[in-house]
Amino acid sequence: MSGLLALLDDVAGIAKIAAASVDDVVGQATKAGAKAAGAMIDDAAVTPKYVQGFEPGRELPIIWRIARGSMINKLVFLLPAGLALSAFAPWGVAPLLMLGGAYLCFEGAEKVAHVLGLGHDHGGPDGSHANVNPAHLEEEKVTGAIKTDFILSAEIMTIALAAIPQSGFWMEAATLATVAVMITVAVYGAVALIVKADDLGLLMAAKGRLGLIRRLGRGIVTAMPKVLKLLMFVGTAAMLWVGGSIILHGLKEIGWPQPYEFIHHLAEAVAHGAGQFTNAAEWLVVAGIDGLLGLALGFILIPVGTKLITPVWRTLRKLNPVV
């Protein structure tokens, strides 16, 4: 009997350790995922464009196919690559992160340029499906969406990797895997809700038994275009802020901390007289300056991306359609 009690006590101790480890993984994954907010919002803002013009019955299957491809991108390709980088070339995380930050700045600045009439936003397809076989078009859109997701997922996983505290291999692997699952579910769950909100609103407006429900349905249908515009605005602002912040942190990591320290000292000085709102004021100043720097860098990178990188990428795709 005493042996059984000792065994049960050992099992209980192991269960407590396992529970604590799970809590640590979830906590670290949540913090790391929050760092990737800019890329997540951009992903959620861009993806609905890939289902525009399809039959309502195909929208959720298309989103599911893209979400499954996104999960494969993160878990099969990017997770092992991130762990290998962390184990064998940790010095490469900061430059790779800065490269991802520069891409965010480029994407955000290009969207701003598009709004100002200065360029062309390539954030997604235009929804023109005339005279195209629906099955072929769906396959083309899903493939394009998964390729776009790979870039955004690479940014997300790199940002998450940099945000994870130094720990053992399995803890990092579990945390990154949790980040991958949490972010994919959050992004594509939000996309599904956004895409089907119109249909839900139309159903409520047409079939609602109460006048309040019908009015609410009409309100949802009317509000969705504005919600999508707001989401694009927030996503663009988040990309510029996160991209600028990543660049400044990266410069600090590679031995040039002066810009980062100057901005934070300036923010502290500005927020000094804000009373109980000091922390909020300091964050707003830092985020605002990071965003402006991200916008400036993005405008500098637009000619590089459109005149050099994009033509080279298109040439590679023509030579090798798998790219």
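Scroll up to find the structure this text is about.
(A) Layout of a nonpolar patch on the surface. A cluster of nonpolar side chains, namely Ile72, Val76, Phe77 and Phe150, defines an oily patch on the protein surface of about 350 Å² accessible area. Secondary-structure assignment places Ile72 in helix 3 (residues 56–88). Among the residues examined, Ile72 registers a relative accessible area of 39% and is labelled partly exposed.

(B) Broad picture of the pattern of salt bridges. Counted according to the given criterion, the structure contains five salt bridges. One salt bridge connects Glu138 with Arg65, and the closest N-O pair in it is separated by 3.3 Å. Separated by 73 residues along the polypeptide, Glu138 in helix 5 (residues 134–163) and Arg65 in helix 3 bring together distant segments of the chain. Two residues, Glu139 and Arg65, come together in a salt bridge whose shortest N-O distance is 2.9 Å. You can see Glu139 sitting in helix 5 and its partner Arg65 sitting in helix 3, a full 74 residues away along the chain. Accessibility expressed as a relative area gives 40% for Glu139, which makes it partly exposed. Using a relative accessible area of 21% as the deciding quantity, one classes Arg65 as partly exposed.

(C) Here's a closer look at the packing of helix 4 (residues 93–115) against helix 5. Contact geometry for helix 4 and helix 5: axes closest at 10 Å, N-to-C directions at 135°. Relative to helix 5, the element helix 4 lies oblique. For the pair helix 4 and helix 5, the sense of crossing is left-handed. Contacts from Val93, Leu96, Leu97, Gly100, Tyr103 and Leu104 of helix 4 reach helix 5 at Ile151, Glu155, Thr158, Ile159, Leu161 and Ala162.

(D) A look at the packing of aromatic side chains. As enumerated under the stated definition, the model contains three aromatic pairs in all. Seen from their ring centres, Trp241 and Trp283 are 5.5 Å apart, and the 75° between their planes marks the pair as edge-to-face. On the criterion of sequence distance, the pair formed by Trp241 in helix 7 (residues 211–253) and Trp283 in helix 9 (residues 278–319) is long-range, its members being 42 residues apart. Given the relative accessible area of 29%, Trp241 is considered partly exposed. Overall, the relative accessible area of 48% leaves Trp283 in the partly exposed class.

(E) Structural detail: the nonpolar core. Counting residues in hydrophobic clusters, the biggest one holds 31 residues, and the most contacted among them are Ile62, Ile63, Ile66, Met157, Leu176 and Tyr188. Taken together, the elements giving at least two residues each to this core come down to helix 3, helix 5 and helix 6 (169–207). If near-sequence neighbours (up to four positions away) are discounted, Met157 is found in contact with Lys74, Leu78, Leu79, Leu176 and Ala180.

(F) Main features of the environment of Val179. Among the secondary structure elements, Val179 is positioned in helix 6. On the basis of relative accessible area, Val179 is assigned to the buried category, the value being 1%. Val179 sits 19 residues away from Ala160 along the chain, and the two C-alpha atoms are 7.4 Å apart.

Conventions adopted
Residues numbered from 1 in each chain as written. Predicted model: local features only at pLDDT ≥ 70, side-chain atom pairs only at ≥ 80, totals over all residues. Heavy atoms only, no water. Patch = residues over 30% accessible without salt bridge, like charges linked within 9 Å, V, L, I, M, F, W, Y side chains within 5 Å. Areas by Shrake-Rupley, 256 points an atom, 1.4 Å probe, with all protein chains shown as cover. Salt bridge = Lys/Arg side-chain N within 4 Å of Asp/Glu carboxyl O. Helix = DSSP H or I, 4+ residues; strand = E, 2+ residues; numbered from the N terminus. Buried < 20%, exposed > 50% of the residue type's maximum accessible area, 1.4 Å probe, protein only. Axes fitted to C-alpha atoms, helices over the stretch in contact; angles between N-to-C directions. Parallel < 35°, antiparallel > 145°, perpendicular 65-115°, else oblique. Left-handed = near helix turned anticlockwise from the far one by under 90°. Contact = heavy atoms within 4.5 Å. Phe/Tyr/Trp six-rings, centres within 6.5 Å; stacked < 30°, edge-to-face > 60°. Core = buried A, V, L, I, M, F, W, Y, C linked by side-chain atoms within 4.5 Å.

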